[in-house]
Amino acid sequence: MAQLKLGRSKVTHAGRLPLNIAKDMVKNKYLYMMLTPVLLYFIIFHYFPMYGSIIAFKDFNPRLGIGGSAWVGLEHFKDFFGGMYFWRVFKNTLMISLYDLIFGFPAPLILALLLNEVKNALFKRSVQTITYLPHFISLVIICGMIKDFTSSDGVINDIIAFFGGERVTMLLEPSFFRTIFVSSNIWQHIGWGTIIYLAALSAIDLEQYEACKIDGGGRWKQMLHVTLPGLLPVFVILLILDIGRIMSVGFEKVILLYNPTTYVTADVISSYVYRIGLQDFQFSFSSAVGLFNSVINFALVVGSNWISRKLNNTGLW
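Residues numbered from 1 in each chain as written. Predicted model: local features only at pLDDT ≥ 70, side-chain atom pairs only at ≥ 80, totals over all residues. Heavy atoms only, no water.

(A) Quick look at the side chain of Ser 270. Summarising the element assignment, Ser 270 is placed in helix 15 (residues 269-279). Taking relative accessible area as the criterion, Ser 270 reaches 15% and is therefore assigned buried. Residues in contact with Ser 270, not counting those within four places in the same chain, are Val 249, Gly 250 and Phe 251. (Helix = DSSP H or I, 4+ residues; strand = E, 2+ residues; numbered from the N terminus. Buried < 20%, exposed > 50% of the residue type's maximum accessible area, 1.4 Å probe, protein only. Contact = heavy atoms within 4.5 Å.)

(B) Here's a closer look at a nonpolar patch on the surface. Taken together, the side chains of Leu 35, Val 38, Leu 39, Leu 40, Tyr 41, Phe 42, Ile 43, Ile 44, Phe 45, Tyr 47 and Met 50 present a nonpolar region at the surface, about 1,100 Å² in accessible area. Within the secondary structure layout, Phe 42 lies in helix 2 (residues 29-47). On the accessibility criterion, Phe 42 (39% relative accessible area) is partly exposed. (Patch = residues over 30% accessible without salt bridge, like charges linked within 9 Å, V, L, I, M, F, W, Y side chains within 5 Å. Areas by Shrake-Rupley, 256 points an atom, 1.4 Å probe, with all protein chains shown as cover. Salt bridge = Lys/Arg side-chain N within 4 Å of Asp/Glu carboxyl O.)

(C) Just the nonpolar core, in detail. One finds Phe 80, Leu 231 and Tyr 272 to be the most contacted residues of the largest nonpolar core, which totals 35 residues. Listing elements by their share of this core, those giving two or more residues are helix 4 (75-81), helix 5 (86-104), helix 6 (106-116), helix 10 (174-202), helix 11 (206-214), helix 12 (219-244), helix 15 and helix 16 (283-312). In contact with Tyr 272, not counting residues within four places along its chain, are Phe 80, Tyr 85, Val 89, Asp 267, Phe 285 and Val 289. Ranked by size, the runner-up nonpolar core spans 16 residues in total, among them Ile 96, Met 170, Val 254 and Leu 257. (Core = buried A, V, L, I, M, F, W, Y, C linked by side-chain atoms within 4.5 Å.)

(D) The arrangement of the UniProt feature "transmembrane region" (unreviewed entry) in the protein chain in detail. Summarizing the sequence annotation, UniProt attributes the feature "transmembrane region" (unreviewed entry) to residues 30-48, 94-115, 186-204, 224-243, 255-275 and 281-302 in the numbering used throughout. Between the C-alpha atoms that bound residues 186-204 the distance is 26 Å, and the span itself is 89% helix and 0% strand. (UniProt positions renumbered as here; feature names shortened; annotations may be inferred.)

(E) Highlighting the packing of aromatic side chains. Taken as a whole and assessed by the stated rule, the structure comprises 25 aromatic pairs. Measuring from ring centre to ring centre gives 6.2 Å for Phe 60 and Phe 283, while their planes differ by 80°; the resulting arrangement is edge-to-face. Here the residue Phe 60 occupies a position in the loop between strand 1 (58-59) and helix 3 (65-68), and Phe 283 occupies one in helix 16, the gap between them amounting to 223 residues. Judged by relative accessible area, Phe 283 falls into the partly exposed class, the value being 28%. Through successive ring pairs, a cluster of aromatic residues spans Phe 80, Phe 81, Tyr 85, Phe 86, Trp 87, Phe 90, Tyr 272, Phe 285 and Phe 292. If you follow Lys 253 out to its NZ or CZ, it ends over the ring of Phe 181, 5.0 Å from the centre. (Phe/Tyr/Trp six-rings, centres within 6.5 Å; stacked < 30°, edge-to-face > 60°. Lys NZ or Arg CZ within 6 Å of the ring centre and 35° of its normal.)

(F) Geometry of helix 5. For helix 5, which comprises 19 residues, the first-to-last C-alpha distance of 26 Å matches the rise-based estimate of 27 Å (1.5 Å per residue) to within 8%. Those residues of helix 5 lying buried are Phe 86, Val 89, Asn 92, Thr 93, Ile 96, Ser 97, Leu 101 and Gly 104. Buried residues of helix 5 fall within an arc of 160° about the axis and therefore sit on the same side. Along helix 5, exposed side chains directed more than 90 degrees from the buried face belong to Trp 87, Ile 102 and Phe 103. (Expected span 1.5 Å × (residues − 1). Arc of directions from axis to C-beta.)

(G) Highlighting the packing of helix 15 against helix 16. Where helix 15 contacts helix 16, the two axes come as close as 8 Å, and the packing angle between them is 165°. The angle between the axes of helix 15 and helix 16 places the two elements in the roughly antiparallel class. Considering the relative orientation of helix 15 and helix 16, their crossing is left-handed. Residues Ile 269, Tyr 272, Val 273, Ile 276 and Gly 277 of helix 15 form the contact with helix 16, whose participating residues are Phe 283, Phe 285, Ser 286, Val 289, Gly 290, Phe 292 and Asn 293. Of the residues that constitute the contact of helix 15 with helix 16, the class distribution is 8 nonpolar, 4 polar and no charged. (Axes fitted to C-alpha atoms, helices over the stretch in contact; angles between N-to-C directions. Parallel < 35°, antiparallel > 145°, perpendicular 65-115°, else oblique. Left-handed = near helix turned anticlockwise from the far one by under 90°. Nonpolar A, V, L, I, M, F, W, Y, C, P; charged D, E, K, R; others polar.)

(H) Region of the structure containing the environment of Lys 23. With respect to the element layout, Lys 23 can be found in helix 1 (residues 2-27). Counting along the chain gives 169 residues from Lys 23 to Trp 192, while the straight-line C-alpha distance between them is 40 Å.

Below, the structure is given as structure tokens:
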């Protein structure tokens, strides 16, 4: 009898669920109206195009369309994994992403902690403004500035020559590409990332700092025992998101900076997909490579979120 009642309770609850949603939509109709364009954007530009991923398993012919093209199964994946460029683009993508994660990810946190200790409001605001301005500059302009700075007669080579070094066009040297890419990323995004951490810092209860002072904790102890634990949830969420993008090095910046002489260290999966798909018109092959990249990113997000949940009960879901 108890099981029967429980089963009826579940059915009743499930039956009421759509009714509750309908009532909520009527009650908050203006909020749902504001949400509609966002939902349409994701449905039209993110979910609907997923159907096109099927060409990764076909020999796509634009004349025949997706449905009429011949099915080839995993042939394009086998060609990619067995191709001469697989390990090069995979290694370059992984190396650049790891360097950016190791050196670039903590940079906004460190700057936010430093700014949090600054008492001069004018100086603090000035540093914030100067550091987040590059985030709003067009990427094409950013890459143009990088090319000018790293050219043989650029300001970086002027400094090197001043100390007796030899001038060199850095973007023509494969050994310099990753350093230039990662360091310019830090310069471009450190200020914008700092805003998130400063917002999280403002939410920390000041009474915790007072309690730490009463216990004899100085500024260093307050940062270790109050500030960093307060930033931990935000830090973990941002880390999970960055790990999920570890295989998606921004191809726009790579394409604007690399050249055939630096392919050995600069060619990544996304730039390889662009070159094979749009320049060589191998649509099915490039779709297979892009699908492989997306699956790896999805697995990294799920895996990192699961590990975070196990370690400190914090995650995206």
